[in-house]
Structure formats: structure tokens, C-alpha cells
Amino acid sequence: MKLAAVDYLILALYFGFVIAIGWRLRKTSESGSDFLTGGRSVPVWITSLAFLAANLGAQEVIGMAASGAKYGIMTAHFYWIGAVPAMLFVGVFMMPFYYGSKARSVPEYLRLRFDEKTRGLNAITFAFMTLFSSGISMYALGLLFRLILGWSFTASVLLSASIVLAYTYLGGLKSAIYNEVLQFFLIVMGFSPLAMLALWKAGGWSGMSHRLPEVMTHTWKHVGSAAENPMGVEVFGLVAGLGFVLSFGYWCTDFLVIQRAMAADSMSAARRTPLMAAFPKMIMPFIVILPGIAALALTSMHTGYSLPLKGNGYDYDQALTTLMAQFYPSGLLGVGLTALMASFMSGMAGNVTAFNTVFTYDIYQSYIRPGAPDRHYLNVGRFATIAGTLASVGTAYLAAQFNNIMDFLQLVFGVVNAPLFATFLLGMFWKRTTGHGAFVGLCTGTGVAGMVLACTQAEGKGGWITILHTFPSSMAQNFWIAIFAWTSCFLMTIVVSLATRPRPDAELEGLVYGLTKLPSDAGVVWYKRPGPLAIVVIVALVFLNIAFR
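Residues numbered from 1 in each chain as written. Predicted model: local features only at pLDDT ≥ 70, side-chain atom pairs only at ≥ 80, totals over all residues. Heavy atoms only, no water.

K.L.:
How would you summarise helix α9 (residues 153-201) if you had to cite specific residues and measurements?
P.N.:
Every α-helical turn comprises 3.6 residues, leaving residues that sit three or four positions apart pointing alike. Relative to the 72 Å expected for 49 residues at 1.5 Å per residue, α9 spans just 31 Å between its end C-alpha atoms, considerably shorter than the ideal helical length. Along its length, α9 reaches its greatest deviation from straightness, about 120 degrees, at G172. Just downstream of α9, G203 is the residue with a positive phi angle, here 95 degrees. (Helix = DSSP H or I, 4+ residues; strand = E, 2+ residues; numbered from the N terminus. Expected span 1.5 Å × (residues − 1). Bend = angle between axes of the 7 residues up to and from the residue.)

The structure is reproduced here in C-alpha cells:
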């Protein structure tokens, strides 16, 4: 891949603009609250796009293109059943508790609802998860630099870490959120032309469909049996593992995205944030998945383009970047590379800002030094930004062991987020749930997830203790890990809660459904009400699933 002067100019302008935003907003982040939580002052259209862009990191963009090449249009399930329904649920039902409780983080909500030990467990596991996710982003951009500049992987990773650190340190959460809006538009502008070019070169949708196995161009037709599709998953594993456990576990409990909604300037704006983000989320498969499918079709055409090899198979993670190198001319190549940089910075900054908030408030303030001045916590937050970025460098090397980084990412979510969603579901909607039940349930769910991974194998991974079952793909293994983790946590939480004393109803007001007065929508125009917005999204979602069934 050769860059012209205009490509370097576009990249330089973007970096300058990003740093300028951080520099401009640094004066609005002079307190610990402003730096770490955004001060609950961000308009809804900003939080909505940031809510979406925080999940459009390099691992999302490159990983989804890779999954498109590996699994076909079935990858769209990660959006149409694996994201949008959960986004509706968190906006309509869960956000009143997050925002109304005035918690500064998801772990802090757990302390208010349950107890300190449950908060501590979630804070520690979430901190590790964000470091893993940050490392995946760093790995993805490291691949990009190596492809473009010919640098070693280590040099690429260190450079990418310094880029992110530069602007997240300046303006904190608010700087990250405003930059994510810019990054969202850059991602759309940078990858939409690639999707159209690759599809055109492959002969359009019909031409591509003729060149690929039928299973690669249908979402539902071949999920009757795990043996019928490349993802190796059947309807139950797909719907329960991805559509329910992994999806709701991520979008409803992951502080990385919840933090964006909690930064909104009102309860109404916080509830509408994920609902408004659902509209562009539904069309993202056509921007990030379609190029991967086209890459596989072009490889089969033998016209000069082919996916790179990795071991005995394809290196799917390079689908997007090799397509750009093949089809983008100078200028447009600069826009595409800037979009990749934007996706990296969006995901990385999201993880870093979530990590520094949880570390500062839920670990440092709670267990190391409570009662310190606000300025002290601001400095700790800035230090956590540096430390989190450096720790992510190490996890970047773990991601290199996977030929599809989405497989690795979904494994992390299955171990951490799946049992957490069971805890939140019971905690928010069953007042009888106790702190002891939540803590034991979380420990059980995480432990069971680890045991399933250690006793099963997929694509040569897992099975460290024994091999009781071999899954046809890593993704199928991830879905079932999530199912076992959620189920074990759910059941254990109920059992222990019934055997322990619940908290009085008066202590749970504002934290549990049925004991909380929900905000009224009377007199509010329909497009500012969560219910009607959710109905419009559902209609569009049903149409997409039928059209590509």
C-alpha cells in the first residue's frame, strides 16, 4: 500500500483536529466529575452518536469485515438480533435506574442495589475486560500500521498507544464523546465507498451470491442445524447465546456504552440515547460486513485480489485493509485510512475513559483512599488513563493469536458480561434479590464460563483440562460459553437470594422496578418518547430480517 502526499495530508489534518478538540475541551474537564463522567451535560444527539461510535472501534470495523469473510451475511445477526433489541431494552427499561440512581458507574449502581463486595467484583472484572478490549483495538491498528508503513508489530503498537493517550489525557470523557461523533461520520464516509466498490467488482449482490455458497448470503435459512452454516451454530445457540445473553449482557451492562447515555443532560435524553443510536446501527452491516463478503467472492474470481493466508487458512482480519489497498486511489485511500484511525481511536478512547472512571471511583476511592479532595481524584483519573493505555499494550499480543479478533472479543464478553446480565436482570426486576445472591451468582457464572472453555475446544483453542465437546467454530463455542455462564449465574443468584435476607423496600426505591416512579411522557411529542421510538425501530428491524432471511 503506497500513500501519496494527499493521503498523508488528510491523516495529518485529522490528527490535528482530534487533538484540537481535546485541547478545546480541557477547560471543561478541570474537576474529577467533569473529567470522568462528563458532568451530565451532553446533548442527546451527541450522546446517541457517541453511544454507537463507542462500539465502532477498530475491533468492530476490522473484526466485522473479517467475520463477513468468514461467516457471510450471518454476521449481520450481531447487529439485527445481537445489538438492536438490547439497545431498545436498555433505553426503555434500564436507563431510568442507571440515570435516576445518580450512580457514576455501573459498578456503583451494583453497590447501591446490592452491596460493596458485588461492586468490587464487577469493578475488577470490568477493568480487566476493558484492558483486553483496548488491546484488541491496539492490535487492529498495529496490523494497519504494519501493512501501510512496513513497521514491526511492536513499533506499530507503541505508536498507536501514544496516539490515543495524547487526546484522552487532555479532555477526559467529554473530549472522547465529542471526538466519537466526528469519528462516526468519518467511519461512514471512509467505508461506504469501499463497500460499494467491492460489491460492484464482485458483480453486485446477485453476482456475489452466484460465486459464493448459498449459506454465505442468507441470515436465517441455514440455521436449522449447526452443520449447515460456517458459524457452526443452530437457532437456539444463535438466539439464546448471541441474541439474548451476549447482546443484552453487553449493551445493557457494559459501562463503556452505558457511560455515554449517563453523560446526557436529562433523563429523557439518557433514555432516548440508545434508541436513536439503533437507527444507524441497523444499517452498519452494509458498511462494515459487506466488504468482507465481497473479499471472499473476489478471491474466488481469481482476478488479482485474494485474501492473505495465515497458517492453513485465510487471515480474515486483513480483509478490509487489503481491499482498501487494492481499490482505493490516492485521496480516497487517505479518507479510508483516516476512517480506520478514527475507528481505532473511538474504541480505544471509549475503553480508556471507562477504565479510568471505574478504577478511580470504584477501586481507588472505595478501597485505597476514600475521602480525598476532588483534585486528587482528577489526578488519579489522569494517571489511570496513562496506566490503562500502557497495560493495553500487553493484551494486544494476545489478540494476535486469533485469526478473527471478533472471536476473541466475544469470548471476553461471554466470560464477563454474560453472568453480569443475569445479575442485573434479577436485581432490577426482582426485589427479593440479595447482595449475597448477586455475588455468589457472579462468581459461579464466571467460573462456569472458564470451565466450559477449559473442557471444550474450537479451532484448536480451549480444552486445557479435557475435551468433552468440539465446536465447529470459535463463535459457536463463545455462544455456548455465554449461555452456560448466564444460566448458572441466574439460577445460583435465585437460590442464594431465597436463602438470605433481602433489603427493605424503602432502601430499594429508585433501584428496582415496581418500587421506582418512572418518568412520565404525558404531553411529550411522540419522537421524544421512548415507547413510540422503540416501535419504529422494531418495524424496521423485522423488515431487514425478512428481506435477508
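On we go.
K.L.:
Give me unusual backbone geometry: which residues, what numbers.
P.N.:
The phi dihedral of K102 falls on the positive side, at around 60 degrees, and the residue is not glycine. Following the sequence through the fold, K102 ends up in the loop between α6 (84-100) and α7 (106-113). The exposure class assigned to K102 is exposed, which follows from its relative accessible area of 64%. Non-glycine residue E459 carries a positive phi angle of around 55 degrees. Take E459: it is sitting in the loop between β3 (456-458) and β4 (461-462). You can call E459 partly exposed: its relative accessible area is 33%. (Buried < 20%, exposed > 50% of the residue type's maximum accessible area, 1.4 Å probe, protein only.)

K.L.:
Just give me the short version of the packing of aromatic side chains, but keep the residues and values in it.
P.N.:
Applying the stated criterion across every chain yields a total of 32 aromatic pairs. Seen in terms of ring centroids, W205 and F548 are 5.9 Å apart; in terms of plane orientation they differ by 85 degrees. Their pairing is edge-to-face. One end of the pair, W205, is in helix α10 (residues 204-211); the other, F548, is in the segment after α22 (530-547), and 343 residues separate them in sequence. Using a relative accessible area of 29% as the deciding quantity, one classes W205 as partly exposed. Take F548: its relative accessible area is 21%, and that puts it in the partly exposed class. (Phe/Tyr/Trp six-rings, centres within 6.5 Å; stacked < 30°, edge-to-face > 60°.)

K.L.:
Break down the sheet that holds β4 for me, with residues and values.
P.N.:
Ordered in space as β4-β3-β5, the 3 strands form an open sheet in which the pairing is mixed. Each of the sheet's edge strands pairs with one partner strand only, and the pair in question is β4 and β5 (469-471). Relative to β5, β3 runs parallel, the two sharing 3 bridges. Directly across from T456, in β5, lies its bridge partner H469. Across the sheet, helix α20 (residues 435-455) touches β3, β4 and β5, and the angle it forms with β3 is around 65 degrees. Contacting β3, β4 and β5, helix α21 (residues 474-499) runs over the sheet at an angle of about 145 degrees to β3. (Pairing = 2+ DSSP bridges. Contact = heavy atoms within 4.5 Å. Axes fitted to C-alpha atoms, helices over the stretch in contact; angles between N-to-C directions.)

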